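Coordinate inspection notes
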Amino acid sequence: MLREDLTFVGTCDIAGLVRGKGFPSTELPTRRKVGIGWTHSNLMQTCFGPILDTPFGTAGDLMIVPDPSAEVHVDFRDGSAPEHFFLGDICNTDGTSWECCVRAFLRRAIDALNEACGLELLAAFEQEFVYTGVEDVPGHAYSLNAFRRQGIFGEMLIAAIRAASIHPDSFLAEYGPRQYEMTVGPDSALAAADAAVISREMARGAAFRLENRVIFSPMPVADGAGNGVHIHFSLHNASGKPETSDPAAPLGLSTVAARFAAGVLHHLPALCAVTAPSPVSYLRLTPNRWAPTVADLKLQDRGAALRVCPVFEAGGEESRQAQFNLEFRVCDAAASPYLALGALVFAGADGVARQMEIPETETALPTSLNAALDLMDASTAMKTWFGPVFFEAYMRHKRSEVVYVADLSETELCARYAQIY
Ligand code: GLU
Ligand code: MG
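Owing to the predicted nature of the structure, the values given are computational and were not obtained by experimental measurement.

A few words on the layout of surface pockets. The calculated volume of the largest pocket comes to roughly 940 Å³. Lining the largest pocket we find 39 residues, and of these Glu 126, Glu 181, His 232, Arg 307 and Glu 327 sit closest to its centre. Broken down by secondary-structure element, the contributors of at least two residues to the lining of the largest pocket are β6 (120-131), β7 (168-173), β8 (179-184), β11 (229-236) and α8 (317-323). Examining the composition of the lining of the largest pocket, we find that 5 residues originate from one element, β6, more than from any other. Residues of the lining of the largest pocket, tallied by class, amount to 17 nonpolar, 11 polar and 11 charged. Size it by volume and the second largest pocket reaches roughly 250 Å³. As for the second largest pocket, its lining consists of 17 residues, and the residues nearest its centre are Ser 165, Ile 166, Asp 187, Ala 191 and Ala 195. Counting residues per element, the ones that place at least two in the lining of the second largest pocket are β4 (62-74) and α5 (189-209). Counting residues per element, the lining of the second largest pocket draws most heavily on α5, which supplies 6 residues. The residue inventory of the lining of the second largest pocket, partitioned by class, reads 10 nonpolar, 4 polar and 3 charged.

Moving on, we get to a nonpolar patch on the surface. Where nonpolar side chains cluster on the molecular surface, the patch consists of Tyr 142, Tyr 175 and Trp 290 and spans about 430 Å² of accessible area. Here Tyr 142 is to be found in the loop between β6 and α3 (144-149). By relative accessible area, which is 46% here, Tyr 142 ends up partly exposed.

Before going further, it helps to examine the site of ligand 1. Close to ligand 1 lie Glu 128, Glu 174, Glu 181, Gly 226, Gly 228, His 230, Arg 284, Arg 289, Trp 290, Arg 302 and Arg 329, which account for all nearby residues. In this structure, a nitrogen atom belonging to ligand 1 sits 2.7 Å away from a side-chain N or O atom of Glu 128. Here an oxygen atom of ligand 1 and a side-chain polar atom of His 230 are 2.9 Å apart. In isolation ligand 1 exposes 300 Å². Once the protein is present, 94% of that is buried. Its atoms largely coinciding with the cavity grid, ligand 1 occupies the largest pocket. Looking at the shell around ligand 1 residue by residue, the class counts come to 1 nonpolar, 3 polar and 7 charged.

Another point: the sheet that holds strand β3 (residues 36-38). The strand order across the open sheet built from 5 strands is β2-β1-β5-β4-β3, with neighbouring strands paired in mixed fashion. Two strands lie at the open edges of the sheet, namely β2 (18-24) and β3, each paired on one side alone. Between one strand axis and the next, the sheet turns through 40° on average, direction left out of account. Pairing of β4 with strand β5 (residues 83-92) involves 9 bridges; the strand directions are antiparallel. Within the sheet, the bridge partner assigned to Val 65 lies in β5 and is Asp 89. Lying over the sheet, helix α2 (residues 102-117) contacts β1 (6-12), β4 and β5, oriented at roughly 70° with respect to β5.

Coordination sphere of the magnesium ion (ligand 2), protein contribution only: Glu 128 (OE), Glu 174 (OE) and Glu 181 (OE), at 2.0 to 2.1 Å. The sequence pattern formed by the donor residues of the magnesium ion (ligand 2) is E-x45-E-x6-E. Separated by 53 residues along the polypeptide, Glu 128 in strand β6 and Glu 181 in strand β8 bring together distant segments of the chain. The class of Glu 128 is buried, set by a relative accessible area of 9%.

In this model, Tyr 142 sits at a positive phi of 55°, which is unusual for a non-glycine residue. Look at Ser 165: it is not a glycine, yet its phi comes out positive at around 65°. By secondary structure assignment, the location of Ser 165 is in the loop between α4 (153-163) and β7. The exposure class of Ser 165 is exposed, given its relative accessible area of 70%.

With that settled, consider the side chain of His 397. By secondary structure assignment, the location of His 397 is in helix α12 (residues 388-404). On the basis of relative accessible area, His 397 is assigned to the buried category, the value being 0%. Residues contacting His 397, with those up to four places away along its chain left out, are Ile 14, Ala 15, Leu 43, Met 44, Gln 45 and Thr 46.

The packing of two helices is summarised by the inter-axis angle and the distance between the axes. At a closest axis distance of 7 Å, the pairing of helix α6 (residues 255-275) and helix α10 (residues 369-377) adopts a crossing angle of 120°. If you check the angle between α6 and α10, you find them oblique. Note that α6 runs across α10; the crossing there is left-handed. Between α6 and α10, the contacting residues are Pro 269, Ala 270, Cys 272, Ala 273 and Val 274 on the first element and Leu 369, Ala 372, Leu 373, Leu 375 and Met 376 on the second. Among the residues forming the contact of α6 with α10, the class breakdown is 10 nonpolar, no polar and no charged.

The rules behind these values
Each chain has its residues counted from 1, following the order in which its sequence is written. Chain letters start at A and ligand numbers start at 1, both assigned in the order the entries are written. Two thresholds apply to this predicted model, a pLDDT of at least 70 for residue-level local features and 80 or more for giving and counting side-chain atom pairs, whereas whole-chain, interface and lining totals are computed over all residues. Each side-chain value is derived from all of the structure's non-hydrogen atoms; neither hydrogens nor water enter the calculation. Using only the protein atoms, space was sampled on a 1 Å grid; points where a 1.4 Å probe fits but cannot get out form cavities, open sets with protein on both sides within 12 Å along at least five of seven lines form pockets, and lining residues are those with an atom within 4 Å of a point. Grid points are joined across faces, edges and corners, and a volume is the space filled by probe spheres set on the points. In DSSP terms, a helix is any run of H or I states spanning at least four residues, a strand is any run of E spanning at least two, and both are numbered starting from the N terminus. Lys, Arg, Asp and Glu make up the charged group, whereas Ala, Val, Leu, Ile, Met, Phe, Trp, Tyr, Cys and Pro make up the nonpolar group; the residues left over, Gly among them, are polar. Only residues whose relative accessible area exceeds 30% and that form no salt bridge enter a patch; like-charged residues are grouped when within 9 Å of one another, and nonpolar side chains (Val, Leu, Ile, Met, Phe, Trp, Tyr) when within 5 Å. Each accessible area value is a Shrake-Rupley result obtained with a 1.4 Å probe; residue values ignore everything except the protein chains displayed when judging cover. The rule for a salt bridge is simple: a side-chain nitrogen of Lys or Arg has to be within 4 Å of a carboxyl oxygen of Asp or Glu. The classification of residues rests on relative accessible area computed with a 1.4 Å probe and restricted to protein chains. Under 20% of the type maximum is buried, over 50% is exposed, and intermediate values are partly exposed. The near set for a molecule or strand comprises every residue that places at least one heavy atom within 4 Å of it. Here a polar contact means two N or O atoms within 3.5 Å. Within protein one must be a hydrogen donor candidate and the other an acceptor candidate, and residues neighboring in sequence count only if both atoms are side-chain atoms. Any molecule with more than half of its atoms within 2 Å of a cavity's or pocket's grid points is counted as sitting in it. At least two DSSP bridges between two strands are required for those strands to pair. Helix axes are fitted only over the stretch in contact, all axes being lines through C-alpha atoms; the angle between N-to-C directions runs from 0 to 180 degrees. By definition in these notes, contact holds between two residues if any of their heavy atoms fall within 4.5 Å. In this analysis a donor is any N, O or S atom within 2.8 Å of a metal ion (3.2 Å for sodium, potassium and calcium), and since water is not included, sites may seem incomplete. An angle below 35 degrees is treated as roughly parallel, one above 145 as roughly antiparallel, one from 65 to 115 as roughly perpendicular, and anything else as oblique. Helix crossings get a hand from a simple test, with the near helix turned counterclockwise from the far one by less than a right angle marking a left-handed crossing and a clockwise turn marking a right-handed one.

Limitation: the analysis is restricted to geometry and does not speak to function.
Rendered as structure tokens:
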């Protein structure tokens, strides 16, 4: 069959979807410099496809420039076209960064943390999803049978993640019907967000080749189990030494980690607009789902917004320090990992810079996307992190999405989002 190798370059945008364009791979040397054409209003494409509202109109040109450190070239060896894509940065045509580039947002957050304390953040994403290639049978939760019944999907997924140069950590049958979870190893913040995007795409790619789907939607069905995205993170100094733990301090947190956590809790109700950015996200953030409902920090509690994770002491003190991490649980796959992690890091950096203390009281999380957007709209800090143009674009994108689905029942809403994510 006559075929020619194609490469794709894209970004994981406000809608949390990877969008971009393809080109003949022979053009790669040039494309590495000039990227692929993009336009401002592409950012305003909702998860449903149409642009419902835009501050940018139809004018203007940008480019998505491939980042060589975010190249994926995975051949599933089944005769299908290999997955060859790059994640990239959205730049102006003169090569400068566009103010609404999601990866640039995360880079600015990393800089803010560095400025606040000189530390680096390592992160690892744990992502839950439904795999449609198995029947829903009773007793599925964590069972060997459910692990087996997904057939070769898990093996394909782990092989694809590894072939994409990401370190796979685990794959398991989760609590919900047909629900599975994948976790990858920790990496520096930008690489960790890239890895979250890439591993999602590898799950989609493996399922597609088996003529099935994966569903990352935060609530695939209204009365079912939620799909969370849990972001594990820890702080390290310039020589890589962990700085998150102090066994003698409350909850075992170092001073800087406690301030970071305090910043996250302080900004959290408003952060939800970015980390839980769809109307269905708020069906997940409800009681008795092992998902958070208030801005709290707890030791080893899976209902908390921020969980101090367990450490397994058997490996000795050095291993304990290295394992020690916090987990942010108010995130789902409707969020771009760049924006979710960026918002988390900005909030933590603010806590460190302003020497915040863990609040005595627990503020309730918003119960709808509109309520979260109201809080974001009132947050001067978030306006500064985004900058005026990106802030307005984000608000208009998300407000228009809320209006678009306002008349749907919960069942219809879940079905609609399950088609997309
Ligand atoms: N599915 C839960 C969530 O929506 C998390 C379950 C777990 O702790 O793994 O976040
Ligand atoms: Mg889980």
